[in-house]
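Structural characterization, general
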Amino acid sequence: MAKMEHTFIAIKPDGIQRGLVGDTIKHFEQKGFRLVAMKFLRASEELLKQHYIDLKDRLFYPGLVKYMNSGPVVAMVWEGPTVVKTVRTMLGESNPADSQPGTTRRDFCIQVGRNIIHGSDSVKSAGREIGLWFESEELVDYKSCAFDWIYE
């Protein structure tokens with residue numbers, strides 16, 4: 001069986017306000033990935049600045065931090081083989097207009113600044129982001145009853 005990895009997913013304030021939390025989670029569950037951590041919170045400005053530190057020199061950085069701090073988010077950790085790459089494909093491009101049909105952003109979004117979801121872009125960034133949002137003991141290890149029906 002392929003090596004399991006983790007990815008960080010955050011449903012942004014627009015996804016919360018539009019009632020898309022359930023649809024988003026369902027998409028990952030139906031794919032066969034395993035939810036190992038989740039919390040509903042209003043992220044602090046400090047946490048968001050750290051989370052988006054790689055974008056700090058971009059003109060949109062202050063607005064992004066302000067927007068992400070404007071309402072609650074759902075922070076999650078998902079597990080599975082090649083979960084980072086697969087989830088990025090499932091989310092679609094940052095610009096919904098450039099996304100393929102069937103992706104989260106193509107199906108639910110119109111503009112880049114309101115694209116409802118963040119997903120880690122690499123295994124390395126997933127580790128960093130998970131460490132910012134969760135303590136290691138908050139990740140729950142369990143075997144799903146569907147495990148043998150999903151993985152060889």
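Above: the structure in question.
Residue positions are given per chain, counting from 1 as you read along its sequence in written order. Selection of residues for local features in this predicted model requires a pLDDT of at least 70, selection of side-chain atom pairs for listing and counting requires 80 or more, and totals for whole chains, interfaces and linings are taken over all residues. Working from all heavy atoms in the structure, the side-chain values ignore hydrogens and water.

So, the nonpolar core
- For the purposes of this section, nonpolar cores are sets of buried Ala, Val, Leu, Ile, Met, Phe, Trp, Tyr and Cys residues that join through side-chain atoms within 4.5 Å. Summary of the burial criterion: residues with accessible area below 20% of their type's maximum are buried, those above 50% are exposed, and those between are partly exposed, where the area comes from a 1.4 Å probe applied to protein chains only. In this structure, Phe-8, Leu-48, Tyr-52, Met-68, Val-77, Trp-133 and Phe-134 are the most contacted members of the largest nonpolar core, which totals 20 residues.
- By definition, any uninterrupted DSSP run of H or I lasting at least four residues is a helix, any uninterrupted run of E lasting at least two residues is a strand, and each is numbered from the N terminus. Put simply, the parts of the chain that give this core at least two residues each are strand S1 (4-11), strand S2 (34-41), helix H3 (45-51), helix H4 (61-68), strand S3 (73-81) and helix H7 (123-133).
- Here this core takes five residues from H4, the largest share from any one element.
- Every residue in contact with Tyr-52, bar those within four places of it in the chain, is listed here: Lys-12, Tyr-61, Leu-64, Met-68 and His-118.
- Formed by 19 residues, the second largest nonpolar core is a distinct cluster that contains Phe-33, Trp-78, Val-84 and Met-90. Between two residues, a contact is recorded if the distance between any of their heavy atoms is within 4.5 Å.

Side note on the sheet that holds strand S4 (residues 117-119)
- Pairing within the open sheet is antiparallel, and its four strands lie in the order S2-S3-S1-S4. The open sheet is flanked by S2 and S4, the only strands paired with a single partner. Between one strand axis and the next, the sheet turns through 20° on average, direction left out of account.
- For two strands to pair, DSSP has to find at least two bridges joining them. The pairing of S2 with S3 spans seven bridges and is antiparallel. In the sheet register, Met-38 faces S3, and the bridge partner there is Met-76.
- Taken strand by strand, helix H2 (residues 21-31) contacts S1, S2, S3 and S4, and its axis lies near 10° from that of S3. Helix axes are fitted only over the stretch in contact, all axes being lines through C-alpha atoms; the angle between N-to-C directions runs from 0 to 180 degrees.

Remarks on the pairing of S1
- Across the eight residues of S1, six count as buried, placing the element largely inside the fold.
- Examined bridge by bridge, S1 and S3 share eight bridges and lie antiparallel to one another. Each bridged residue has a counterpart across the sheet, and for Ile-11 the counterpart in S3 is Val-74.
- Looking at chain direction, S1 and S4 are connected through three bridges and run antiparallel. Residue pairing in the sheet places Ile-9 in a bridge with Gly-119 of S4.

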